[in-house]
Amino acid sequence: MTAFSAAESAVAMQASGPPTFNANVPHFARVYDYWSGGKDNFAVDRELGEVMLKAVPGLGSMAAENRRFVHRSTRDLVVHEGIRQFIDFGCGLPFAPNLHEVAQHHVPETRVVYVDNDPLVLAHARALLHSHPAGRIEVVGADLRDPAAILSHPVLLATVDRGRPVGLTVIGTLMLLADDDNPWSLVEQLRNAVPSGSCLVVSHLTVDFQPAEVSAAVTAAGDAGMTLVARTREEVRRFFGSWELLGPGLVPVSVWRPDLPTANPVEASWWAGVARKP
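It should be emphasised that the depicted structure is a prediction, and the values quoted were computed from it without experimental measurement.

A. Representation of the packing of helix α3 (residues 43-55) against helix α10 (residues 211-223) in the model. Contact geometry for α3 and α10: axes closest at 8 Å, N-to-C directions at 160°. Relative to α10, α3 is oriented roughly antiparallel. Of the two elements, α3 crosses α10, and the hand of that crossing is right-handed. Of the residues in α10, those in contact with Leu-48, Val-51, Met-52 and Ala-55 of α3 are Glu-213, Ala-216, Ala-217, Ala-220 and Ala-221. Among the residues forming the contact of α3 with α10, the class breakdown is eight nonpolar, no polar and one charged.

Right under this line is the structure:
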């Protein structure tokens, strides 16, 4: 658990620096909010959102499927895997029910640390997210590209018990990191920082089902100055390392333990999976 060393926190936080806000540049959290029917977005986000929707008309339903995956995976980690604390990396704008609401519905004592680097996300999360009295939620401003800064943050250290299993949720976030950022190494650092019995939850945009359409959406994002990478199933599988994938494995997002049968799961164009640390 060396990544949880409090002695590293001041240096790590200094290195990461504060996030900046620019309403003239689209941000994926706000584009995603637009697709989800939210109101916490700007004209530049809506413009890019519409361009991407023209390329992949189902992006709105994909966003909804991704949210449902969050709900199902959180519920199952709490109920079946005994997870009582989560770190949600790239949490995005609040959209009820949020992860902590699902978890605390089943076990009120659950603790959740939300992490994001967008000032609007952080402001909304701090204002709108409220814990069950028996549990605890915290919001940390940090960048996934600096895992040490997150894992050694004083707020996280005061909230997460380093000796107990942790649910690491990285939902729709890793696709915002370029290959040059080596996201596989970043996630490996997260995996190495938690004990046996911890679980990793990942969802990721893919080109495997609709290559031309998704590639056009990725190009549109790039033209707007946003990094967006759609990866293959093999590339997404690497994020789990040697951890054991829970059934049904790495599957289209709507197929992961659905509450209801899905009509056309491949339209989701997102891979999703949950793995447990041996």
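On we go.
B. Highlighting helix α9 (residues 183-192). Residues of α9 that are buried include every one of Pro-183, Trp-184, Leu-186, Val-187, Leu-190 and Arg-191, and no others. Buried residues in α9, looked at end-on, bunch into an arc of 160°, giving them a common side. Looking at the packing, one finds that the buried side of α9 touches β1 (85-89), α7 (147-151), β4 (167-171), β5 (199-205) and α11 (233-237).

C. How the structure looks around the side chain of Ser-203. Relative to the assigned elements, Ser-203 resides in strand β5. Ser-203 gets classed as buried once you look at its relative accessible area, which sits at 0%. Within the structure, Ser-203 has its side chain in polar contact with the side chain of Asn-66 (distance 2.8 Å). Of note is the side chain of Ser-203, whose polar atom sits 3.1 Å from the backbone nitrogen of Gly-172. Leave out the neighbours within four places in its chain, and Ser-203 touches Asn-66, Phe-69, Val-170, Ile-171, Gly-172, Thr-173, Trp-270, Trp-271 and Ala-272.

D. Inspection of the pairing of β1 at higher detail. Of all five residues that make up β1, five are buried, and the element is covered over most of its length. Burial of β1 is two-sided: the residues Gln-85, Ile-87 and Phe-89 facing one way and the residues Phe-86 and Asp-88 facing the other way are all buried. Pairing of β1 with strand β2 (residues 111-116), which is carried by five bridges, proceeds in the parallel orientation. When the sheet's bridge partners are listed, Ile-87 is paired in β2 with Val-113. In this fold, the crossover linking β1 to β2 by way of helix α5 (residues 99-106) has right-handed handedness. Direction of pairing for β1 relative to β4: parallel, over a ladder of three bridges. Note on β4: the bridge partner recorded for Phe-86 is Gly-167.

What counts and what doesn't
- Residues numbered from 1 in each chain as written.
- Predicted model: local features only at pLDDT ≥ 70, side-chain atom pairs only at ≥ 80, totals over all residues.
- Heavy atoms only, no water.
- Axes fitted to C-alpha atoms, helices over the stretch in contact; angles between N-to-C directions.
- Helix = DSSP H or I, 4+ residues; strand = E, 2+ residues; numbered from the N terminus.
- Parallel < 35°, antiparallel > 145°, perpendicular 65-115°, else oblique.
- Left-handed = near helix turned anticlockwise from the far one by under 90°.
- Contact = heavy atoms within 4.5 Å.
- Nonpolar A, V, L, I, M, F, W, Y, C, P; charged D, E, K, R; others polar.
- Buried < 20%, exposed > 50% of the residue type's maximum accessible area, 1.4 Å probe, protein only.
- Arc of directions from axis to C-beta.
- Polar contact = N/O pair within 3.5 Å; in protein donor to acceptor, adjacent residues only side chain to side chain.
- Pairing = 2+ DSSP bridges.
- Right-handed = clockwise from strand over helix to strand, strands pointing away.

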